[in-house]
Amino acid sequence: MASHGPRHGASRRWMPSLWASWKPFGIGEQRPNNFAEVLRAAWENRDQARYAWRILRQGVCDGCALGTSGLRDWTMDGVHLCNIRLRLLRLNTMPAFDPAVVADVAPLVGRSGADLRGLGRLAWPMMRSKGDAGFRRVSWDAALDLVAERIRASTPERLGFYLTSRGLPNEVYFAAQKAVRAIGTNSIDNAARVCHSPSTVALKRALGVAATTCSYTDWIGSDLVVFIGSNPANNQPVSAKYLYYAKRAGTRVVMINAYREPGMERYWIPSNPESALFGTRLADATHLVNIGGDVAFLNGTLKHLIAHGWLAHDFIAAHTSGWDDLRAAIEAQPWECLERSAGASRAAMLEFARAIGTARSAVLVWSMGVTQHTCGEDNVAAIVNLALARGFLGRPGCGLMPIRGHSGVQGGAEMGAYATALPGGEPITPESARQLGERWGFTVPTAPGLSAPEMIDAAADGALDVLYASGGNFLDVMPHPAYVAEALGRVPLRVHQDIVLTSQMLLDPADTVVLLPAATRYEVPGGVTETSTERRVIFSPEIPGPRAGEARPEWEIFLDLARRVRPELADRLRFPDTAAIRAEIAATVPFYDGIQHLRKAGDQFQYGGPHLCADGVCPTPDGRARFTPVAPAEADLPTGMFRVGTRRGKQFNSMVHAAADPLTGAGRRAVLMAAADAAALGVADGDAVVLHNDVGAMVGHVRFAPLQPRNVLVFWPEGNVLVDHRRRSPAAHIPDYNALVWITPAAAVEGAVAGAAGGPVSHAGAAGGRPAVGDGTAGRGPSGPRPADRTTA
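Reading guide: rules and limits
The residue numbers shown here count from 1 along each chain, following its written sequence. The model is predicted, so local features are restricted to residues of pLDDT at least 70 and side-chain atom pairs to those at 80 or more, both for listing and for counting; the totals for chains, interfaces and linings are taken over all residues. Side-chain calculation: all heavy atoms of the structure are included, whereas hydrogens and water are not. Exposure is judged per residue with a 1.4 Å probe applied to protein chains only, and the accessible area is read against the type maximum: over 50% gives exposed, under 20% gives buried, and values in between give partly exposed. Each helix is a run of DSSP H or I of at least 4 residues and each strand a run of E of at least 2, with the numbering of both proceeding from the N terminus. Strand pairing follows a simple DSSP-based rule, namely that at least 2 bridges must link the two strands. In this analysis, two residues are considered to be in contact whenever any of their non-hydrogen atoms come within 4.5 Å of each other. Every angle, taken between N-to-C directions, lies between 0 and 180 degrees, and every axis is a line fitted to C-alpha atoms, over only the stretch in contact when it is a helix. For this analysis, a ring pair means two rings from Phe, Tyr or Trp (six-membered ring only for Trp) whose centres lie within 6.5 Å, classed as stacked if their planes differ by under 30 degrees, edge-to-face if by over 60, and tilted for the remaining angles. Should the NZ of a Lys or the CZ of an Arg lie within 6 Å of a ring centre and within 35 degrees of the ring normal, that charge is described as sitting over the ring. We define a salt bridge as a side-chain nitrogen of Lys or Arg found within 4 Å of a carboxyl oxygen belonging to Asp or Glu. For this analysis, a nonpolar core means a set of buried residues of the types Ala, Val, Leu, Ile, Met, Phe, Trp, Tyr and Cys, connected via side-chain atoms within 4.5 Å. Our arc is simply the arc of the directions from the helix axis toward the C-beta atoms. Under this scheme an angle from 65 to 115 degrees is roughly perpendicular, one under 35 degrees roughly parallel, and one over 145 degrees roughly antiparallel; angles in between are oblique. Here a crossing is called left-handed whenever its near helix is offset anticlockwise from the far helix by less than a right angle, and right-handed whenever the offset is clockwise. Gly is placed with the polar residues, together with every amino acid not listed as nonpolar (Ala, Val, Leu, Ile, Met, Phe, Trp, Tyr, Cys and Pro) or charged (Asp, Glu, Lys and Arg). Patches in this entry comprise residues that are over 30% relatively accessible and not in a salt bridge; like charges within 9 Å are linked, as are nonpolar side chains (Val, Leu, Ile, Met, Phe, Trp, Tyr) within 5 Å. Only the protein chains shown count as cover for residues, and the accessible areas themselves come from Shrake-Rupley with a 1.4 Å probe.

Participant: Looking at this structure, how should I read the pairing of strand E9 (residues 362-366)?
Facilitator: The side chains of a regular strand alternate between both faces of the sheet. The element E9 is largely enclosed, with a buried count of five among its five residues. Judged by which residues are buried, E9 turns out to be covered on both faces: Ala362, Leu364 and Trp366 on one side and Val363 and Val365 on the other are all buried. Strand direction decides the pairing type here: strand E5 (residues 224-228) and E9, joined by five bridges, are parallel. Bridge pairing in E9 places Ile228 opposite Trp366. With four bridges joining them, E9 and strand E10 (residues 399-402) adopt parallel strand pairing. Paired with Leu364 across the two strands is Leu400, which belongs to E10.

Below is the structure:
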């Protein structure tokens, strides 16, 4: 695949100084085989090759949120195609599975997600009642009438609706939240809750906006791009190409992370001849910190900036408030406390401070390594403080970017599919609900609804009558899967709307489980739209091709259900087509004005323009950005315990695509740890160990890795068995995906070696699969105060 370089026009001559290796095509290096991925996708989709090619050429990517339309984007010329998109392609082209496959679910319980997806598309409504061996096929009317009857028999506070970001477009999110609010509840939430909700809270509080303030083009030619708790080489692979051109334009790339990510050290970009042949060294510097050490490291950096006068004094005076309070708070934090919490030295903080303090422009990028903490809002606030102190806002080459990992998630909250906000991010208040109700012609509830974690809690308490989930898999995504499985098993009616089977569908029903077949974004008549990380709203057309049985567009399903629940509102709960939904979005969400004009492939617009807060002027009451003093996390560890964070491998969200991570070579049961820590435990590289706390236990194998002492990483979702479901951030309600654990050589734990042979401890035991070693076991001792997690996804 040929590339023609960035639109700004960097030099076309090759630059050996950036090469990762002099070995042609990285022979012998640990790296993804991108060309093999192309061949694999071609073979996997050979029965629908023309349809697959049309999806790639005409559709908007349903993988990460970079916003590739067809094979091109708006950042640079050339072809863009990544491994994530190729792996997801088969979900859109495979045939339906025979309903007889689920007539008895016993043989399916305990099978991997990949095995269940491989069975084929869910194509017909199905139902399973308590005591049934499996599912039986039913009509759409029978399925929706049953769901509507159960909803009418319940009360709003006992209902929960959840939407994943599984390629869902803006039209589905908008129609779903309107339908749910017509039903009478605000308990609708989406995957943004467990990804970037702290970013939304902290950015809105500081800047008055809740999205990235810049564009991807700002990476190329900026003096500095900083990644904090983010691994784009793994989770947004196309962005590695942006970084290649940024490096050629002289941009320095710095990482702040718990782990020295190999993919950011060297990456082979298949669509660029130079990088495909010799690879590219992406990161110029990496600063290792403790899991949960972000605030301390960033505050230490700011402390150096203050001491050396590396501040944007004019910007601070003209465009910010709260500087004196922040400065006093930073100066009061002792270096010893900052170093201990960060797990990094004062000198390391000075090195980064010098890089950012002497840069004329910089873009600060972060992801779930920053957000998925009890202190996620504080972590984002610390990033914002640093950017404001240097004036990196509202001008070219500068900005704050919470990079999204999923193609639909940016629009999810903006469309109002959120328990704590209405369309446009408006807070749920009596006045805002009244205004929206007047527009729609029905009463909109005035109380915030249940967030996704709160839905699970309500289910566990027997306080949820109906759980309606579009996509997703709570068993994989949420902490403490044994707790989640028990909670789901108590819900009288579970509705799972999806394109494939997932393990949560197979949990025995408390009373009834309904499966509803959904259409993909490429199957929706009239086309749909997606909002990318850089706020670009992009039209994705319907792609002609085969269709799966009776699968329906999801916006139609939600509104059909709402009309059955509230027949007196039927005339207010109809759209003739997706163009009508876009027209209502434009009328309801002012900053989405323009979406109503998107009609064909390639149509798009970037709301707010290239830069939000242009020239430093923010949409706050006084036009100023706000500094927010934040304190570092407690650094002390209980004797003998380790901090555990989670990371992604060869996967998309919780969909694991390979048993080993091609960037690291680590298997799914790897326990990444420093060699010195392993030596202190008396274990060698490859030895089996048991990680355990009062939540659960998992068995893994040691793999030496560059981390700070007493920090270890395991893969997600396997590591969820160690994570306490009760720990969430206070404002955003995001789960805290980290833990404190003891680590014991497996040979010293009775039965652990046998457990290791069966794989890591997981929810399978609770769901009727293999026994779960230590899963949910009490009495292992206190887990202690948990530091913030670094999920590098």
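The rest of the description comes next.
Participant: Can you help me understand the sheet that holds strand E2 (residues 136-137) in this one?
Facilitator: Hydrogen bonding along the main chain pairs the strands of a sheet, whether they run parallel or antiparallel. Strand order in the open sheet made by the seven strands is E2-E1-E15-E14-E13-E3-E4, with mixed pairing throughout. Strands with a single pairing partner mark the edges of an open sheet, and in this sheet they are E2 and strand E4 (188-190). Here strand E13 (residues 466-470) pairs with strand E14 (residues 493-498) via five bridges, running parallel. Residue Ala469 lies in a different strand from E14, and its bridge partner there is His496. Most of the contacts of helix H5 (residues 140-153) go to strand E15 (residues 512-517), to which it runs at about 130°, and overall it touches strand E1 (126-129), strand E3 (159-163), E13, E14 and E15.

Participant: Explain the packing of aromatic side chains here, please?
Facilitator: Working definition: an aromatic ring pair is given by the centre-to-centre distance plus the angle between the planes. This structure, assessed with the given rule, holds 21 aromatic pairs. Between Trp219 and Tyr242 the ring centres are 6.1 Å apart and the planes differ by 75°, which places this aromatic pair in the edge-to-face class. Of this pair, Trp219 sits in the loop between helix H7 (197-207) and E5 while Tyr242 sits in helix H9 (residues 239-248), placing them 23 residues apart in sequence. Of the two residues, Trp219 and Tyr242, both sit in the buried class. The ring centre of Tyr607 lies 5.8 Å from the NZ or CZ of Arg535, which sits over that ring. Here the guanidinium or amino end of Arg648 rests over the ring plane of Trp716, the centre of that ring lying 3.8 Å away.

Participant: Sorry if this is basic, but what is going on with the pattern of salt bridges here?
Facilitator: Evaluation of the coordinates by the stated rule reveals 39 salt bridges. Residue Glu523 is joined to Arg121 by a salt bridge in which the shortest nitrogen-to-oxygen separation is 3.0 Å. Residue Glu523 is found in the loop between E15 and strand E16 (528-531), and its partner Arg121 is found in the loop between helix H4 (113-118) and E1; the two are separated by 402 residues along the sequence. Residue Glu523 shares its accessibility class with Arg121, and that shared class is buried.

Participant: Mind showing me how you'd approach the sheet that holds strand E24 (residues 688-692) here?
Facilitator: Ordered in space as E20-E26-E23-E25-E24-E27, the six strands form a closed barrel in which the pairing is mixed. Neighbour-to-neighbour, the strand axes of this sheet turn through a mean angle of 45°, independent of strand direction. Where E24 meets strand E27 (residues 739-745), four bridges bridge the pair, whose relative direction is antiparallel. Looking at the pairing, Val690 lines up with Thr744 of E27.

Participant: Mind showing me how you'd approach the nonpolar core here?
Facilitator: As a rule of thumb, soluble globular proteins bury nonpolar side chains together. Ile151, Phe161, Tyr468, Val514, Leu516 and Leu561 are the most contacted members of the largest nonpolar core, which totals 62 residues. Considering every element that reaches this core, the biggest residue donor is helix H6 (residues 170-183), with nine residues. Discounting residues that sit within four places of it in the chain, Val514 has contacts with Met126, Met127, Ala143, Leu146, Val147, Leu493, Arg494, Val495 and His496. Listed in part, the 60 residues of the second largest apolar core include Leu302, Leu305, Ala342 and Val630.

Participant: Can you walk me through helix H15 (residues 335-342) in this structure?
Facilitator: An α-helix turns once per 3.6 residues; consequently, residues spaced three or four apart project the same way. Taken as a whole, H15 has its buried residues at Trp335, Leu338, Ser341 and Ala342. Relative to the axis of H15, the buried residues are bounded by an arc of 140° and lie together on one face. Check the buried side of H15 and you find it contacts helix H12 (294-308) and helix H16 (346-357). Phi turns positive one or two residues past the end of H15, at Gly343, with a value near 75°.

Participant: Would you mind going over the side chain of Lys247 with me for this structure?
Facilitator: Positionally, Lys247 belongs in helix H9. Apart from residues no more than four positions distant in its own chain, Lys247 is found in contact with Leu18, Val253, Arg281, Leu282 and Asp284.

Participant: Explain unusual backbone geometry to me, please; I cannot follow it from the model alone.
Facilitator: Negative phi is the rule for most residues except glycine; trans is the rule for most peptide bonds. The omega angle of the peptide bond from Trp716 to Pro717 is 15°, so this bond is cis rather than trans. By secondary structure assignment, the location of Pro717 is in the loop between strand E26 (711-715) and E27. Backbone geometry places Phe25, a non-glycine residue, at a positive phi of 60°. Take Phe25: it is sitting in the segment before helix H1 (34-44).

Participant: Would you explain the pairing of strand E23 (residues 670-673) in this entry?
Facilitator: Burial of E23 is two-sided: the residues Ala670 and Leu672 facing one way and the residues Val671 and Met673 facing the other way are all buried. When E23 meets strand E25 (residues 697-704), the two strands line up parallel, connected through four bridges. By the bridge assignment for E25, Leu672 is matched with Arg703. In terms of strand pairing, E23 meets E26 through two bridges, oriented antiparallel.

Participant: Mind showing me how you'd approach the packing of H5 against helix H24 (residues 554-565) here?
Facilitator: A pair of packed helices is captured by two measures, namely the crossing angle of their axes and the spacing between those axes. Running from N to C, H5 and H24 cross one another at 55°; their axes reach a closest spacing of 9 Å. When the axis of H5 is compared with that of H24, the two are oblique. As for how H5 packs across H24, the hand of that crossing is right-handed. Contacts between H5 and H24 involve Trp140, Asp141, Leu144, Asp145, Val147, Ala148, Ile151 and Arg152 from the first element and Ile557, Asp560, Leu561, Arg564 and Val565 from the second. In terms of residue class, the contact of H5 with H24 is made up of eight nonpolar, no polar and five charged.

Participant: Can you walk me through a nonpolar patch on the surface in this structure?
Facilitator: Nonpolar side chains collect at one region of the surface, where Phe25, Ile27 and Phe35 lie side by side and expose about 310 Å² of accessible area between them. When you line up the elements, Phe35 lands in helix H1.

Participant: I keep staring at the packing of helix H21 (residues 452-460) against helix H23 (residues 481-488) and nothing clicks. Help me out?
Facilitator: Two elements in contact, H21 and H23, have axes separated by 7 Å at closest approach and are oriented at 60°. As the angle between them shows, H21 and H23 are arranged oblique. By crossing handedness, the relation of H21 to H23 is classed as left-handed. Along its contact with H21, which presents Ile456, Asp457, Ala459 and Ala460, the element H23 presents Tyr483, Val484, Ala487 and Leu488. Of the residues assigned to the contact of H21 with H23, the class counts are seven nonpolar, no polar and one charged.

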